[in-house]
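# Structure at a glance
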Amino acid sequence: MTPAPDPQDMTALVADCAACAGLCCVAPGFDAGDDFAFAKPALAPCRHLGSDNLCRIHETLEDQGFSGCARFDCKGAGPYVMAHIFPRKRWRNDRQLLADISEAYRRMRAICDMIELFRVAERLPLSAAQEHARHEMLNRLLPNPAWTAEGLAHAEQAGILTDARAVLSSFRDAATRR
Ligand code: SF4
Ligand code: SF4
């Protein structure tokens, strides 16, 4: 039996489209312009998304007017959602499930952006207290047991990102010591 993935494994927080379900190609909407050749509403699969949930024009995104997709990095939010929050779930033909997965993905993207900042902060000459605060915040951002959809919604409402920004701000003196 495959062991359950470690919910606090930060090295697993990387985009891995084969371990995802095309979440960035279905959940958000986008407008036509320099980054996207055509517009797409939220909660609708891009017409270039294959039935295997992989992009059919992945090798030629720039040439086909999708530089926005070529530049995009979900920082592991998509695979995390599909591994820990909605494992083995398929969003096709289930509009409510798609809406729920998309909300979890949106929230997890913000969490993953914040985790990246806290990992970068490791390079700062932090005091012991600041390093402790960094660890504590990372444990909140990437908890064990893993996030649930409800947990993410509650944490967003309770202001986890505001708390995280406050901790980051408290590292300012360390940034100037560098
Ligand atoms: S959300 Fe991330 S892993 Fe999933 S398809 Fe998009 S880039 Fe790939
Ligand atoms: S062009 Fe490809 S990567 Fe971009 S949204 Fe469509 S399927 Fe996804």
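See above for the structure.
The following refers to the structure shown. (Residues numbered from 1 in each chain as written. Chains lettered and ligands numbered in written order. Predicted model: local features only at pLDDT ≥ 70, side-chain atom pairs only at ≥ 80, totals over all residues.)

## Observations concerning the site of ligand 1
Taken together, the neighbourhood of ligand 1 is formed by Ala15, Asp16, Cys17, Cys20, Gly22, Leu23, Cys24, Cys74, Gly78 and Pro79. Of all the elements in the fold, those that place two or more residues in the shell around ligand 1 are helix H1 (23–26) and helix H3 (77–85). In terms of residue class, the shell around ligand 1 is built from 7 nonpolar, 2 polar and 1 charged. (Near = placed C-beta within 6 Å. Helix = DSSP H or I, 4+ residues; strand = E, 2+ residues; numbered from the N terminus. Nonpolar A, V, L, I, M, F, W, Y, C, P; charged D, E, K, R; others polar.)

## Things to note about the packing of helix H4 (residues 95–120) against helix H6 (residues 149–158)
In contact at an axis separation of 10 Å, H4 and H6 are set at 50° when each is read in the N-to-C sense. On the basis of their axis angle, the class for H4 and H6 is oblique. Where H4 crosses over H6, the handedness of that crossing is left-handed. The residues of H6 that touch H4, namely those facing Asp100, Ala104, Arg107 and Met108, are Ala149, Leu152, Ala153 and Glu156. The residue inventory of the contact of H4 with H6, partitioned by class, reads 5 nonpolar, no polar and 3 charged. (Axes fitted to C-alpha atoms, helices over the stretch in contact; angles between N-to-C directions. Parallel < 35°, antiparallel > 145°, perpendicular 65-115°, else oblique. Left-handed = near helix turned anticlockwise from the far one by under 90°. Contact = placed C-beta atoms within 7 Å.)

## Focus: the site of ligand 2
Around ligand 2, a shell composed of Cys25, Cys46, His48, Leu49, Cys55, Ile57, Phe66 and Cys69 is seen. When grouped by side-chain class, the residues that make up the shell around ligand 2 number 7 nonpolar, 1 polar and no charged.

## Here we look at the nonpolar core
Leu23, Val81, Tyr105, Met108, Ile115 and Leu141 are the most contacted members of the largest nonpolar core, which has 34 residues in total. For this core, the secondary structure elements donating two or more residues are H1, H3, H4 and helix H5 (128–141). With 10 residues, H4 is the single largest residue contributor to this core. With sequence-adjacent residues up to four places away left out, leucine 141 is seen in contact with Ile111, Met114, Ile115, Phe118 and Ala164. (Core = buried A, V, L, I, M, F, W, Y, C linked by C-beta atoms within 7 Å. Buried ≥ 20, exposed ≤ 12 C-beta atoms within 10 Å, placed from the backbone.)

## As for the packing of H4 against H5
Orientation of H4 relative to H5, taken along the N-to-C sense of each, is 160°, at an axis distance of 10 Å. Viewed along their axes, H4 and H5 adopt a mutual orientation that is roughly antiparallel. When the axes of H4 and H5 are compared, the crossing they make is left-handed. Residues Ile111, Met114, Ile115 and Phe118 of H4 form the contact with H5, whose participating residues are Arg134, Met137, Leu138 and Leu141. Class assignment of the residues belonging to the contact of H4 with H5 gives a composition of 7 nonpolar, no polar and 1 charged.

## Description of the environment of glycine 78
Note that glycine 78 resides in helix H3. With 31 residues separating them along the chain, glycine 78 and arginine 109 place their C-alpha atoms 7.9 Å apart.

## Some thoughts on unusual backbone geometry
The peptide bond linking asparagine 144 to proline 145 adopts the cis configuration, its omega dihedral lying at 0°. Within the secondary structure layout, proline 145 lies in the loop between H5 and H6. Even without glycine at this site, asparagine 53 takes up a positive phi of about 65°. Classification of asparagine 53 as buried rests on a count of 20 C-beta atoms within 10 Å.

## Things to note about the environment of phenylalanine 38
The residue phenylalanine 38 is located in the loop between H1 and helix H2 (67–71) in this model. Given 13 C-beta atoms within a 10 Å radius, phenylalanine 38 is considered partly exposed. Taking the C-alpha atoms as reference points, phenylalanine 38 and phenylalanine 66, separated by 28 residues in sequence, lie 8.8 Å from one another.

## Points about H4
Working note: α-helix, 3.6 residues per turn, so residues spaced by three or four point in the same direction. Taking 1.5 Å of rise per residue, the 26 residues of H4 would be expected to cover 38 Å, and the 37 Å separating its terminal C-alpha atoms lies within 8% of that figure. Taken together, the buried positions of H4 are occupied by Leu98, Ile101, Ala104, Tyr105, Arg107, Met108, Arg109, Ile111, Cys112, Met114, Ile115 and Phe118. Of the surrounding secondary structure, the elements contacted by the buried residues of H4 are H1, H3, H5, H6 and helix H7 (160–169). (Expected span 1.5 Å × (residues − 1).)

## A closer look at H5
With 14 residues, H5 ought to run about 20 Å at 1.5 Å a step, and its terminal C-alpha atoms sit 20 Å apart, in line with that. Tucked inside the fold, the buried residues of H5 contact H4 and H7.

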